[in-house]
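Structure at a glance
Chain residues, written in single-letter form:
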Amino acid sequence: MELLAAAFNAACAVDHDSSTSESDARDSAAGHLPGSESSSTPGNGATPEEFPALADSPTTLTEALQMIHPIPADSWRNLIEQIGLLYQEYRDKSTLQEIETRRQQDAEIQGSADGCPSSEEAPEEDEGEEEEEPASPPERKALPQICLLSNPHSRFNLWQDLPEIQSSGVLDILQPEEIRLQEAMFELITSEASYYKSLSLLVSHFMENERLKKILHPSEAHILFSNVLDVMAVSERFLLELERRMEENIVISDVCDIVYRYAANHFSVYITYVSNQTYQERTYKQLLQEKAAFRELIAQLESDPKCRGLPLSSFLILPFQRITRLKLLVQNILKRVEERSEREGTALDAHKELELVVKACNEGVRKMSRTEQMISIQKKMEFKTKSVPIISHSRWLLKQGELQQMSGPKTSRTLRTKKLFREIYLFLFNDLLVICRQIPGDKYQVFDSAPRGLLRVEELEDQGQTLANVFILRLLENSDDREATYMLKASSQSEMKRWMTSLAPNRRTKFVSFTSRLLDCPQVQCVHPYVAQQPDELTLELADILNILDKTEDGWIFGERLHDQERGWFPSNMTEEILNPKIRSQNLKECFRVHKMDDPQRSQNKDRRKLGSRNRQ
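Residues numbered from 1 in each chain as written. Predicted model: local features only at pLDDT ≥ 70, side-chain atom pairs only at ≥ 80, totals over all residues. Heavy atoms only, no water.

1. As for the nonpolar core
Formally: For this analysis, a nonpolar core means a set of buried residues of the types Ala, Val, Leu, Ile, Met, Phe, Trp, Tyr and Cys, connected via side-chain atoms within 4.5 Å. The buried label goes to any residue with under 20% of its type's maximum accessible area, the exposed label to any with over 50%, and the partly exposed label to all in between, with areas taken from a 1.4 Å probe on protein chains only. A helix here means a DSSP run of H or I that spans at least four residues, while a strand means a run of E at least two residues long, and both kinds are numbered starting from the N terminus. Residue contacts are counted whenever heavy atoms from the two residues lie within 4.5 Å of one another.
Ranked by size, the top nonpolar core spans 74 residues in total, and within it Trp-159 and Phe-267 carry the most contacts. Among the elements that take part in this core, helix 9 (residues 176-207) stands out by supplying 13 residues, more than any other. Other than its neighbours up to four places away in sequence, Phe-267 contacts Val-234, Phe-238, Tyr-262, Ile-323, Leu-326, Leu-354 and Val-357. Of all hydrophobic cores here, the second largest spans 23 residues; its members include Leu-428, Ala-450, Met-500 and Leu-503.

This is the structure:
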């Protein structure tokens, strides 16, 4: 411990000597080279009074520890090898732990505070501090949003619980925020090891099975497994670099510089794999239905204890799950690094590159399915009015379905009308609305259309059961170059609101969106995964946090996911509301930080710095 303190004192003195202000000291500390201490000008070291201020700098402390705490390579490799969880198990346990942590935080503050939105004001913070003082010592062991994934068959644990960390004494010196950051980086590394283990099983147990090779035609095998060997090779190299970083120092300096380099130069293999997903799923279903030998062999392979009861389909989807999760893990790191530091800049760069990869993956999947869908719709349409070309590379379907149109002039409507409504069918694309009537032979006769930008909607006030869920749709300029008005009735309140939201996307919602930058908004977290059934719905993953933009009385929510700002409808029973305004505000603040635009100062710093906290050869 004396040696640690001496090294720490020396590092702080050198950092203070190289700067004239505390903020400059932190910037220079982030860029220190391991051997640069000896080249600094002596004689102007930090005084004891200045020591605490610099002690808050995690990067400076990391460099001090680096001088005396390298760790044997075998120690980290043994840890990686002893991870007993397949990635599917790892991921499920991780997200369930995250959900439970938020529940506990919500319950704790709801039980001790009044839940006022202005909870960030000083008086209430003082009250919170009084309550938190007794609980502050165990804070290190119960780190929020850190995944404790231990089980009887695995030695996987928290970074701070590793024997090497426990015996080093670093936990007595590191600040709580730095410990949280270490845990976040440790989770990224160990989850990559678990992911690589699952990929290896997919290849060795399924893809390279000799019986399976004889059953599958080479083209079927290529579609089913795609370029998974390339994906695994990249994951292996990525994991080896992460392991080397862990071996350098008992306190991990950074991992986002490695993530950035791989996202920018190597993760394109994920785009190739994920873009094949539509054909992969279709081929897999066809093989199960049409080839009994394939179906029987897959069932036999899945029953092997190695697979832990997991189906082949859960292995095939691993790359898409991983690249999405990797972005969230970098977000988790970004929330914990010191602001305006080099590590923050590196994390922002890594996150930006990962966003580009994930976006390209999503676009690849959508492009394959959208093209086929547009061809199918075009074949079903017959135009009674002026023909409109449906197929376009820049067009896709947003929503389709049946509504009821009020018949007869508005002045003649009565409840005694023989048939007050008649069925019509709408196809809403991202740039076009097509209004049809369904005719025999699974065909649709088009009688009107309009550009989506020329649509307006208006909800009717409640006028009794017959006119419930009715809204007005105005086409400012239709296919006949004139204005047209339709009074439409939906089957439920949620269906009406969903149509109105899709037809007029800029229509004001009940609650404000993420872009309003307000520090409180109704929020929910996903507690049950949900797969979108319609184009206007949003697929939810466990632990997703969403702002509520609108909701209906019959159990649907229109939400905006914080980590990617994707919007869509989903059943409310798939989520739990976050009641604590402090947690909602914190979620939004973290989201603003992750998605903030590069400021000019950061751009200049980015040009001057090299990625990583030290020069890498």
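Structure's up, so let's keep going.
2. Comments concerning helix 13 (residues 256-265)
Along helix 13, the positions that sit buried rather than exposed are Cys-256, Asp-257, Ile-258, Val-259, Tyr-262 and Ala-263. On its buried side, helix 13 packs onto helix 9, helix 12 (228-248), helix 18 (318-334) and helix 19 (342-380).

3. Let's talk about the packing of aromatic side chains
What counts is decided by this rule: Each aromatic pair joins two rings of Phe, Tyr and Trp (for Trp, the six-membered one) with centres within 6.5 Å, and gets the label stacked for planes under 30 degrees apart, edge-to-face for over 60, and tilted for any other angle. Counted as over-ring charges are cases with an Arg CZ or a Lys NZ within 6 Å of the ring centre that also lie within 35 degrees of the ring normal.
A full pass over the atoms with the stated rule returns eleven aromatic pairs. Ring centres 6.2 Å apart and planes at 50 degrees place the aromatic pair Tyr-262 and Phe-267 in the tilted group. The pair formed by Tyr-262 and Phe-267 is uniform in burial state, with each residue classed as buried. Residues Phe-267 and Tyr-270 carry aromatic rings whose centres are separated by 5.3 Å and whose planes lie at 85 degrees to one another, so their mutual orientation is edge-to-face. Through a chain of ring-to-ring contacts, the aromatic side chains of Phe-238, Tyr-262, Phe-267 and Tyr-270 assemble into a single cluster. A cation over a ring is seen here: Lys-399 above Trp-499, with NZ or CZ 5.2 Å from the ring centre. Across from the ring centre of Phe-447, 4.1 Å away, lies the NZ or CZ of Arg-437, which sits over that ring.

4. Considering the packing of helix 15 (residues 277-290) against helix 19
Condition: Axes here mean lines fitted to C-alpha atoms, for a helix over just the part in contact, with angles spanning 0 to 180 degrees between N-to-C directions. Angle categories: roughly parallel below 35 degrees, roughly antiparallel above 145, roughly perpendicular from 65 to 115, and oblique for all the rest. Each residue is assigned to one class: nonpolar for Ala, Val, Leu, Ile, Met, Phe, Trp, Tyr, Cys and Pro, charged for Asp, Glu, Lys and Arg, and polar for all the others, Gly among them.
Packing of helix 15 against helix 19 brings their axes to within 8 Å, and their N-to-C directions diverge by 65 degrees. What the angle tells us is that helix 15 and helix 19 run roughly perpendicular. Residues Gln-277, Thr-278, Tyr-279 and Arg-282 of helix 15 pack against Val-365, Met-368, Ser-369 and Glu-372 of helix 19. Here the contact of helix 15 with helix 19 is composed, by residue class, of three nonpolar, three polar and two charged.

5. Considering the packing of helix 12 against helix 13
Test applied: The sense of a crossing depends on the near helix, which, turned anticlockwise from the far helix by less than a right angle, makes the crossing left-handed and, turned clockwise, makes it right-handed.
Axis separation between helix 12 and helix 13 bottoms out at 10 Å; the angle between their running directions is 160 degrees. Classified by the angle between their axes, helix 12 and helix 13 sit roughly antiparallel to one another. In the packing of helix 12 onto helix 13, the handedness of the crossing is right-handed. Packed against helix 12, whose contacting residues are Val-234, Arg-237, Phe-238, Glu-241, Leu-242 and Arg-245, the element helix 13 presents Asp-257, Ile-258, Val-259, Arg-261 and Tyr-262 at the interface.

6. Quick look at helix 20 (residues 493-503)
The α-helix winds at 3.6 residues per turn, so residues separated by three or four positions along the chain end up facing the same way. The buried fraction of helix 20 amounts to ten of the eleven residues, a majority that puts the element mostly inside the structure. When helix 20 is considered as a whole, its buried residues turn out to be Ser-494, Glu-495, Met-496, Lys-497, Arg-498, Trp-499, Met-500, Thr-501, Ser-502 and Leu-503.

7. Here's the deal with the pattern of salt bridges
Between side chains of opposite charge, a pair can form when the charged atoms approach closely. To keep it simple, the criterion reads: A pairing counts as a salt bridge when a side-chain nitrogen of Lys or Arg comes within 4 Å of a carboxyl oxygen of Asp or Glu.
Applying the stated rule across the entire model yields 31 salt bridges. Ionic pairing is found between Glu-537 and Arg-498, a salt bridge with its closest N-O pair at 2.8 Å. With Glu-537 in the loop between strand 9 (523-526) and strand 10 (545-551) and Arg-498 in helix 20, this residue pair connects regions lying 39 residues apart in the sequence. According to the relative accessible area criterion, Arg-498 is buried, its value standing at 5%.

8. A word on the sheet that holds strand 5 (residues 443-451)
Defined as follows: What makes two strands pair is DSSP finding at least two bridges between them.
Ordered by their spatial adjacency, eight strands build an open sheet running 1-5-4-3-2-8-7-6, and the pairing between neighbours is mixed. Unpaired on one side and paired on the other, strand 1 (381-383) and strand 6 (455-459) mark the two borders of the sheet. Strand-to-strand, the axes of this sheet are offset by a mean angle of 40 degrees, without reference to chain direction. Note: strand 4 (residues 432-439) against strand 5, eight bridges, orientation antiparallel. Considered in strand 5, the bridge of Ile-439 is made with Lys-443. Across the sheet, helix 19 touches strand 1, strand 2 (397-406), strand 3 (421-429) and strand 5, and the angle it forms with strand 1 is around 50 degrees. Sheet contacts for helix 20: strand 2, strand 3, strand 4, strand 6 and strand 7 (470-475); angle to strand 2, the most-contacted strand, approximately 120 degrees.

9. As for the environment of Leu-397
Relative to the elements of secondary structure, Leu-397 occurs in strand 2. Separated by 138 residues in sequence, Leu-397 and Pro-535 have C-alpha atoms that sit 7.2 Å apart. Residues contacting Leu-397, with those up to four places away along its chain left out, are Gln-373, Met-374, Ile-377, Phe-427, Leu-428, Phe-429 and Pro-535.

10. Topic: the confidence of the model for the chain
Just so we agree on the cut-off: For every residue, the predictor reports its confidence as pLDDT, a number between 0 and 100.
Here the chain averages 78 in pLDDT, and 70% of its residues register 70 or above. When the criterion is pLDDT under 50, residues 115-156 qualifies, and its contacts beyond four places in sequence or with other chains add up to 68 contacts. Overall, residues 607-617 carries pLDDT values under 50, and its contacts beyond four positions in sequence, including any with other chains, amount to 32 contacts.

11. Considerations on the pairing of strand 3
With respect to burial, strand 3 is a largely interior element, seven of its nine residues being buried. Two strands pair when backbone bridges link them, and strand 2 and strand 3 are joined in this way by nine bridges, in the antiparallel orientation. Among the inter-strand pairings, Lys-399 is bridged to a residue of strand 3, identified as Leu-428. Summarising the sheet, strand 3 and strand 4 pair through four bridges and their orientation is antiparallel. The partner of Tyr-425 across the bridge, within strand 4, is Cys-436. Where strand 3 folds back onto strand 4 in an antiparallel hairpin, the turn is made up of two residues.

12. Concerning the side chain of Asp-550
With respect to the helices, strands and loops of the structure, Asp-550 is situated in strand 10. The exposure class of Asp-550 is buried, given its relative accessible area of 5%.

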